[in-house]
Amino acid sequence: MIYKKIFFAAMLALPMTGQAKEIEWYSGGHVSYSVQKKYGTVVEKALEMFESDMQAVTGKSVHQKSDGDIEVYQLDMVNNKELKVLDKYQVPYQKFITKQDAFWMGVRKGKVIIVGSNGRGTAYGILELSRKAGVSPWIYWGDVKPMRQKRLTIDDHFETLQSPSVEFRGVFINDEDWSNRVWDHKKLDTRLKEGEMGPKYYHKLFELLLRLRGNALWPAMHTGTTAFFKVRGNKEVADSFDICVGSSHCEPILRNNVDEWDHNKRGNYNFISNRKQVEEYWRERAKETAGMDALYTIGMRGIHDGSMEGVKTKQEKLQGLQSVIDFQRQLLAQEVNKDITKVPQVFIPYKEVLEIYEAGLQVPDDVCLMWCDDNYGYMTRLSDAEQQKRKGGAGVYYHLSYWGRPHDFLWLTTMQPGLIYNEMRQAYDHNARRLWIVNVHDPKVAAYDLSLFMDMAWDINSVAPNTIQKHLSDWLKQQFGEQAGAQLVKPMTEFYRLCGIRHPEFMGWNQVELDKKKYDRGWSPVQDTEFSADEFGNELERYLADYDAIKKQIDQVEKTLRPELRDAFFAAIKYPVYGAAAMATKQLQAQEARHIGKPSSFHNDSEALESAVRSWNAYTEIKDLTEYYNKKMANGKWDGNMNMAPRDLLVFQEPTLPGKLTQEEITKYSNSDPVDTKLDTDRSIVRNACDYSSASAGAQTVEMLGHSMKAVALPIGGSLTYKFYADDGNAVLRTALIPTQANDKGDIRYSISIDGQPPIVYSLKEKFRSDRWKQNVLRGQAIRSENIRLSAGTHTLEIKALDAHIIVDQWMIDYDIDRQFYMFPIKPAL
């Protein structure tokens, strides 16, 4: 087997002498390794995983022996004799001995040598060799079974030195109510009480984190989940994997308030009126965790995701939170380390806390400032020039799933890769390099997006604006092989485009809290979408046809797979694609049935019945897909992990049709052909942002971002220019931008100018949870419109960034000023 060499930006390239050749580290006998005399428990865990991996690859057990073909060393526990061996091998350990989590791997004297700066670094190096043997990080969580090999080789000149771009990298298991918590109780921690996510679950999660080169966890903490530290064995398994355990924005000092604060015994969770009880509550956990790797969140909010109790005015909030932080610092110095600067601490200015911070809250310089997105993937704030100088650095709390306004997305994980890249790269460039935590309700369903996030946290230069699709391609090939992976790139790129136009969870055009209040008052849940069957050659059917096209493509790929990869394919590809397509069909065809049919004549209207049956069948398809996922896929291994209707929101319910279908009608109309569509721009001029005539220096096209899939990011003062031919008449100019935020206290403005006329300036700055902000994040675009008058002939449009973080997606000139539609009528720039 000839290996595809994957080189990272952090690789150490040494001069080569002579022609490279392959050496065998497995050729039909047994993979063998040796390890130094003393090493950390995380190395032991990694070696256990490696042995299991090699068993899967070779079909044979792995032997540990003194003269193994692989030698493993952990620098912070190495003895003098072992250090001399490294000197003999000329391992450049001085280059990384002081770097946390770093590792070097290379070939010396016919052996594969793995050297880590610490236990985690050594573990990453061991599992890097698993990757090179064809083992996916998703071997367990994704059921990606490696191909059997009779021979494993490596270039005799190969060596790599890797170290993380971000110090702490990990996940927050959140809103786990309908996925991991149910599955764990059914399949892993079966002897524990319901709600107790225990050591068997976290053992599997920590294995995944090691494979993804992570080192941090915010444990599950939602209502109904027992606190992490209350479940026997959880702390011990975290310690054995050398995982740094932290807690979310509303869980200071590692306390899960939802489950641990006892009102009956302690009173109100109020630092102002019940200070002694709150202080003792925090002290108990500080004592318990003093000896472990921990990330202590400081500050205070409510019991769960609410404001701090006992303070009302701005001044009271500022003084109250300041007194909390001052005490917590004193507490940590007393119970964890007298040198408080050596205790990792995190302050998270999330939601209302950001306003208090900006009002003058004093956060000590050694504390990490952890900035947050708006829950929909757009960073709200980043460190300014002064904050970037802080010793504690900065971090990011990012969402790949979310429960809340304007709408949850807790079913699938469909965040556009280009958005993840753009926002995380911006964060890194603003010195957010201390801690990256990503919110997921289930790592399995988030597999690709989570892999991208963790790859960037490990090596920020592993992805660039023009290599995001290549990253997806490499990931698909890692899971499904070179041929199948290459064939999946096109349909999966299209899948992320369609989900970028509208997340599957948003297809009901509902808003969660708003709809619940209306529904309680007897309000009908029926809500039409903005997709039109009457405009641009029927954009509604065209959207569905695009889904149908990628379904056909992945069906063809599925036929070429090794049989043992069918479960992996169903979970990572088929379920999300078919599920999203069915959700779109359910909602849009129900809308068509309501528009076409009348309740009084519905059963005599064949056209309305065709749409209604398509909608109903799509609903039943989601049920069937989910049943297969839980009960049959991987022989029921994941039973309970997939829920097609988290929180039972309106979007997941049966379609609302003009009448109840009979079984006879369903049978009769189930084979109806979909409506043929053809894109018709119909008196409009449309461009994707990347199709510019000229661009100023610094303009950067970002792949897999926006409705166009190639949105263009502009620096301050940067501009894009377009030449176009227009007819005479009145029109409306619509510009669509990615709804990014200012990331500072300033504005986020751009201007448009036609034919050099005075520019018209727009601001994208929106108040959190304002109506326009909600529409922006649900659509994935911020649209600004301007009525214009054009003469016949050639014209020029300039779009200019007046502030940072401007990303242009599409623009459109429409002579039908009052037209109602959803998608700009143009093919994507794939």
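Rules and cut-offs
Residues numbered from 1 in each chain as written. Predicted model: local features only at pLDDT ≥ 70, side-chain atom pairs only at ≥ 80, totals over all residues. Heavy atoms only, no water. Buried < 20%, exposed > 50% of the residue type's maximum accessible area, 1.4 Å probe, protein only. Helix = DSSP H or I, 4+ residues; strand = E, 2+ residues; numbered from the N terminus. Pairing = 2+ DSSP bridges. Core = buried A, V, L, I, M, F, W, Y, C linked by side-chain atoms within 4.5 Å. Salt bridge = Lys/Arg side-chain N within 4 Å of Asp/Glu carboxyl O. Phe/Tyr/Trp six-rings, centres within 6.5 Å; stacked < 30°, edge-to-face > 60°. Lys NZ or Arg CZ within 6 Å of the ring centre and 35° of its normal. Axes fitted to C-alpha atoms, helices over the stretch in contact; angles between N-to-C directions. Parallel < 35°, antiparallel > 145°, perpendicular 65-115°, else oblique. Contact = heavy atoms within 4.5 Å. Nonpolar A, V, L, I, M, F, W, Y, C, P; charged D, E, K, R; others polar.

**A word on the pairing of strand 27 (residues 806-814)**
For strand 27, a buried count of nine out of nine residues is recorded, marking the element as mostly surrounded by other parts of the structure. When strand 17 (residues 684-688) meets strand 27, the two strands line up antiparallel, connected through five bridges. Looking at strand 27, one finds that Arg687 is bridged to Trp811. Bridge count for strand 20 (residues 710-714) against strand 27 is three bridges, and the pairing is antiparallel. Counted as the bridge partner of Leu714 is Ile806 from strand 27. Here strand 22 (residues 729-737) pairs with strand 27 via six bridges, running antiparallel. Bridging from a neighbouring strand, Thr735 pairs with Trp811 of strand 27.

**Some details on the nonpolar core**
Core analysis: the largest hydrophobic core is formed by 217 residues, its most contacted members being Trp25, Trp282, Phe347 and Trp436. When residues in this core are grouped by element, the largest group, 14 residues, is from helix 18 (residues 566-596).

**Focus: the pattern of salt bridges**
Within the structure shown, the criterion is met by 53 salt bridges. In this structure, Lys389 engages Glu386 in a salt bridge whose closest nitrogen and oxygen atoms are separated by 3.0 Å. Among the residues examined, Glu386 registers a relative accessible area of 56% and is labelled exposed. Via salt bridges that share partners, Arg255, Glu260, Arg266, Glu284, Arg285 and Glu288 belong to a single interconnected network.

**Observations concerning the packing of aromatic side chains**
The tally for this structure, following the rule as stated, stands at 56 aromatic pairs. Summarising the aromatic geometry, the rings of Tyr376 and Phe506 are spaced 6.2 Å apart at their centres and angled 50° between planes, so their arrangement reads as tilted. Of this pair, Tyr376 sits in the loop between strand 14 (368-372) and strand 15 (394-399) while Phe506 sits in the loop between helix 15 (482-501) and helix 16 (512-520), placing them 130 residues apart in sequence. As far as the burial class goes, Tyr376 and Phe506 line up, both buried. Note on Trp509 and Phe531: the rings are 5.9 Å apart at their centroids and 75° apart in plane angle, and the pair reads as edge-to-face. You can see Trp509 sitting in the loop between helix 15 and helix 16 and its partner Phe531 sitting in the loop between helix 16 and helix 17 (539-558), a full 22 residues away along the chain. Per residue, the accessibility class of Trp509 equals that of Phe531, and both read buried. Counting every residue linked through ring pairs, the aromatic cluster contains Tyr140, Trp141, Trp183, Tyr201, Tyr202, Phe206, Phe228, Phe229, Phe241 and Trp638. Directly above the aromatic system of Tyr89 lies the positively charged group of Lys88, at a separation of 5.3 Å from the ring centroid. Cation over ring: Lys637 sits above Tyr140, and NZ or CZ is 3.8 Å from the ring centre.

**Digging into the packing of helix 14 (residues 468-480) against helix 18**
Packing of helix 14 against helix 18 leaves a shortest axis separation of 11 Å and a crossing angle of 155°. One finds that helix 14 runs roughly antiparallel with respect to helix 18. Here helix 14 contributes Trp475, Leu476 and Phe480 to the contact with helix 18, which in turn contributes Ala568, Phe569, Ala572 and Ile573. For the contact of helix 14 with helix 18, the per-class residue count stands at seven nonpolar, no polar and no charged.

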